Amino acid sequence: MADHVQQFASDNYAGICPEAWQAMQEANHGHEPAYGGDIWTARAADAFRALFETECEVFFAFNGTAANSLALASLCQSYHSVICSDAAHVETDECGAPEFFSNGSKLLAVPSSDGKLTPEDIRSLATRRNDIHFPKPRVVTITQPTETGQVYTVEEVKAISEVCRELNLRLHMDGARFANACASLGCSPADITWKAGVDVLCFGGTKNGMAVGEAIIFFDPKLAEDFDYRCKQAGQLASKMRYLSAPWVRLLSDGTWLRNGAHANACARRLAEQITGVPGLELYFKVEANAVFIKLSAAAEKALRERGWRFYTFIGGSARFMFSWDSSLERVDELAADLRAVAAESAALTAVAR
Ligand SMILES: *Cc1c(COP(=O)(O)O)cnc(C)c1O
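- The name given to the protein chain in an unreviewed UniProt entry is L-threonine aldolase, with Silvibacterium dinghuense as the source organism.
- In the Sequence similarities (unreviewed entry) part of its UniProt record, the protein chain is described as follows: "Belongs to the threonine aldolase family."

Spelled out as structure tokens, the structure:
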């Protein structure tokens, strides 16, 4: 495979978008106070308050695993538990970091066919045990959009948060691809978060086009108490914080965050449209954000790899393609053409075998 050719195995294969790059360059003048005392970090926090139309507390971490783990740890005591989907990144891809940073809070994973949690799932798990021998449910975490590319509607988040309030549970949102969800829903960031009952949001910058960095947003300032100490202890307090925060100032204020998300979503729809109805290419999940999951025969999967395409099959055995701010439409069309070709070849081979 030629180096530098676009691949859609992960949205993290993409580089830094020009706006984020320029913002880092702009911040790279002279001296600024360290550890978040700089002007860029103050401006970024204000940009989040403007975007979310509320007085939220904002923190920055290097990656999503830290953002999620520290946010969950701040909502839990060690004897508490966290309800999540069995497809959740916190459950499947964080190497136990949520349990580690919370000193043992247990994740309670609910089996889910599409990656989403429902109010019924939450109620039945949270009320199944209330004896002292079981870790007390304290938090619900949902991923928006899910690891399977599904987007929770405002009504769905509200229904979840109502159950949470009733059962005295906090609601955390893993928004590693939050921009893709907002672009898909066409709603305001406030509508799908605090106005729908979300207490804490981890807002992904990396998959949105930054070099590095996620924002942790507390909509209830009381929950943010001492969170700065937690970040520092976990090795997540950037000394030259301006390089994590300056890109947010630019991306949030000129709409780049949403444009990047919308472009990635459009590429996913473009691929889905070109393979819909093609025999041997079955969409495994609905395409609602920047992910396309395709069920392929083993022969077609092998042939696609031989044509140089990289992709993962860790979710449900289907081939996953993720699009990003820089995905080229021509390259998406090349993938669609190769998918159709390998499906046709694999169908012909099957016919001969019969
Ligand atoms: C990418 C991702 C994260 C963050 O992962 P890091 O590699 O730790 O930055 C968190 N949640 C979801 C759903 C993700 O896809």
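Once you've had a look at it, read on.
Quick look at the overall build of the protein chain
For step 1, the next point in the chain: A count of helices and strands for the protein chain gives 14 helices and 10 strands.
For step 2, the next point in the chain: In terms of principal-axis extent, the alpha carbons of the protein chain reach across some 65 × 60 × 30 Å.
For step 3, the next point in the chain: Going through the 354 residues of the protein chain one by one, you find that 52% of them count as buried.
For step 4, the next point in the chain: Taking all contacts inside the protein chain whose residues are at least 6 apart in sequence as the whole, residues at least 24 apart take part in 77%.
For step 5, the next point in the chain: The centroid of the 34 positive side-chain charges in the protein chain is displaced by 2 Å from the centroid of its 44 negative side-chain charges.

Things to note about the site of the ligand
For step 1, the next point in the chain: Taken together, the residues surrounding the ligand are N63, G64, T65, N68, H89, E94, T143, E147, D174, A176, R177 and K207.
For step 2, the next point in the chain: Within the backbone of G64, one N or O atom sits 2.9 Å away from an oxygen atom of the ligand.
For step 3, the next point in the chain: Between an oxygen atom of the ligand and a side-chain N or O atom of T65, the distance comes to 2.5 Å.
For step 4, the next point in the chain: Notes on the ligand: free accessible area 390 Å², of which the protein chains cover 82%.
For step 5, the next point in the chain: Of all the elements, helix 3 (residues 64–75) adds the most residues to the shell around the ligand, at 3 residues.
For step 6, the next point in the chain: Grouping the amino acids of the shell around the ligand by side-chain chemistry returns 1 nonpolar, 6 polar and 5 charged.

Quick notes on the sheet that holds strand 8 (residues 282–283)
For step 1, the next point in the chain: The 3 strands lie next to each other as 8-9-10, forming an open sheet whose pairing is antiparallel. Single-partner strands in this sheet number two, and they are strand 8 and strand 10 (319–322).
For step 2, the next point in the chain: Bridge count for strand 8 against strand 9 (residues 291–295) is 2 bridges, and the pairing is antiparallel. Looking at the pairing, L283 lines up with I294 of strand 9.

Structural notes on the packing of aromatic side chains
For step 1, the next point in the chain: This structure, assessed with the given rule, holds 19 aromatic pairs.
For step 2, the next point in the chain: Taken together, a centroid distance of 4.9 Å and an interplanar angle of 80° make the contact between Y284 and F285 edge-to-face.
For step 3, the next point in the chain: Taken together, the aromatic side chains of F48, F52, F60, F178, F203, F219, W248 and W257 make up a single cluster linked through ring pairs.
For step 4, the next point in the chain: The ring of Y152 carries the charged tip of K116 above its face, separated from the ring centre by 5.4 Å.
For step 5, the next point in the chain: In this structure, R305 packs its charged tip against the face of F311, placed 3.9 Å from the ring centre.

Notes on the pairing of strand 9
Taken residue by residue, a regular strand's side chains alternate between the two faces of the sheet.
For step 1, the next point in the chain: Counting buried positions along strand 9 gives 4 out of 5 residues, so the element sits mostly inside the fold.
For step 2, the next point in the chain: Direction of pairing for strand 9 relative to strand 10: antiparallel, over a ladder of 4 bridges. Bridging from a neighbouring strand, V292 pairs with F321 of strand 10.

Describing the domain arrangement of the protein chain
Many analyses report the size of an interface as the accessible area lost when the parts associate.
For step 1, the next point in the chain: Segmentation of the protein chain into domains returns domain 1 (18–256) and domain 2 (257–353).
For step 2, the next point in the chain: The distance between the C-alpha centroids of domain 1 and domain 2 comes to 29 Å.
For step 3, the next point in the chain: Contacts between the two partners involve 26 residues from domain 1 and, on the opposite side, 19 residues from domain 2.
For step 4, the next point in the chain: Interface area for domain 1 against domain 2, summed over the two sides, is near 1,900 Å², with a carbon-plus-sulfur share of 53%.
For step 5, the next point in the chain: Taking the shortest distance from any N to any O, the salt bridge between E19 and R259 comes out at 4.0 Å.

With respect to the nonpolar core
For step 1, the next point in the chain: Ranked by internal contacts, the top residues of the largest apolar core, which has 55 residues, are F48, V140, F203 and I217.
For step 2, the next point in the chain: In this view, F203 contacts F48, L51, F52, G175, F178, E214, A215, I217, W248, L252 and W257; residues no more than four positions away in its chain are not counted.

As for the environment of L244
For step 1, the next point in the chain: The residue L244 is located in helix 11 (residues 242–253) in this model.
For step 2, the next point in the chain: A residue is classified by how much of its surface remains accessible, and L244, at 5% relative accessible area, is buried.
For step 3, the next point in the chain: Dropping the residues within four chain positions of it, L244 is found in contact with F60, A61, F62, V212, G213 and A238.

Side note on the sheet that holds strand 5 (residues 170–175)
For step 1, the next point in the chain: Taking strand neighbours across the sheet as the criterion, the 7 strands line up as 1-7-6-5-4-2-3 in an open arrangement whose pairing is mixed. On the outer flanks of this sheet lie strand 1 (57–61) and strand 3 (106–110), each paired with one strand and no other. Averaged over all neighbouring strand pairs, the angle between strand axes comes to 20°, with direction disregarded.
For step 2, the next point in the chain: Both strand 6 (residues 200–204) and strand 7 (residues 214–218) contribute to a ladder of 5 bridges, which runs antiparallel. Residue G204 lies in a different strand from strand 7, and its bridge partner there is E214.
For step 3, the next point in the chain: Across the sheet, helix 3 lies against strand 1, strand 2 (80–85), strand 4 (136–143), strand 5, strand 6 and strand 7, angled at about 175° from strand 5, the strand it touches most.

Observations concerning unusual backbone geometry
For step 1, the next point in the chain: Backbone torsion omega between Q144 and P145 reads -10°, so that peptide bond is classified as cis.
For step 2, the next point in the chain: Along the polypeptide, P145 turns up in the loop between strand 4 and helix 7 (154–166).
For step 3, the next point in the chain: A positive phi angle is found at N168, which is not glycine, with a value near 60°.
For step 4, the next point in the chain: For N168, a relative accessible area of 52% gives the class exposed.
For step 5, the next point in the chain: Positive phi values are uncommon outside glycine, yet D226 reaches one of about 65°.
For step 6, the next point in the chain: Following the sequence through the fold, D226 ends up in the loop between strand 7 and helix 10 (227–233).
For step 7, the next point in the chain: On the basis of relative accessible area, D226 is assigned to the partly exposed category, the value being 47%.

Cut-offs applied
Residues numbered from 1 in each chain as written. Predicted model: local features only at pLDDT ≥ 70, side-chain atom pairs only at ≥ 80, totals over all residues. Heavy atoms only, no water. UniProt positions renumbered as here; feature names shortened; annotations may be inferred. Helix = DSSP H or I, 4+ residues; strand = E, 2+ residues; numbered from the N terminus. Buried < 20%, exposed > 50% of the residue type's maximum accessible area, 1.4 Å probe, protein only. Contact = heavy atoms within 4.5 Å. Lys, Arg positive; Asp, Glu negative; His and termini not counted. Charge placed at Lys NZ, Arg CZ, Asp CG, Glu CD. Near = heavy atom within 4 Å. Polar contact = N/O pair within 3.5 Å; in protein donor to acceptor, adjacent residues only side chain to side chain. Areas by Shrake-Rupley, 256 points an atom, 1.4 Å probe, with all protein chains shown as cover. Nonpolar A, V, L, I, M, F, W, Y, C, P; charged D, E, K, R; others polar. Pairing = 2+ DSSP bridges. Phe/Tyr/Trp six-rings, centres within 6.5 Å; stacked < 30°, edge-to-face > 60°. Lys NZ or Arg CZ within 6 Å of the ring centre and 35° of its normal. Domains from an automatic or database assignment. Buried area = accessible area lost by both parts, 1.4 Å probe. Salt bridge = Lys/Arg side-chain N within 4 Å of Asp/Glu carboxyl O. Core = buried A, V, L, I, M, F, W, Y, C linked by side-chain atoms within 4.5 Å. Axes fitted to C-alpha atoms, helices over the stretch in contact; angles between N-to-C directions.

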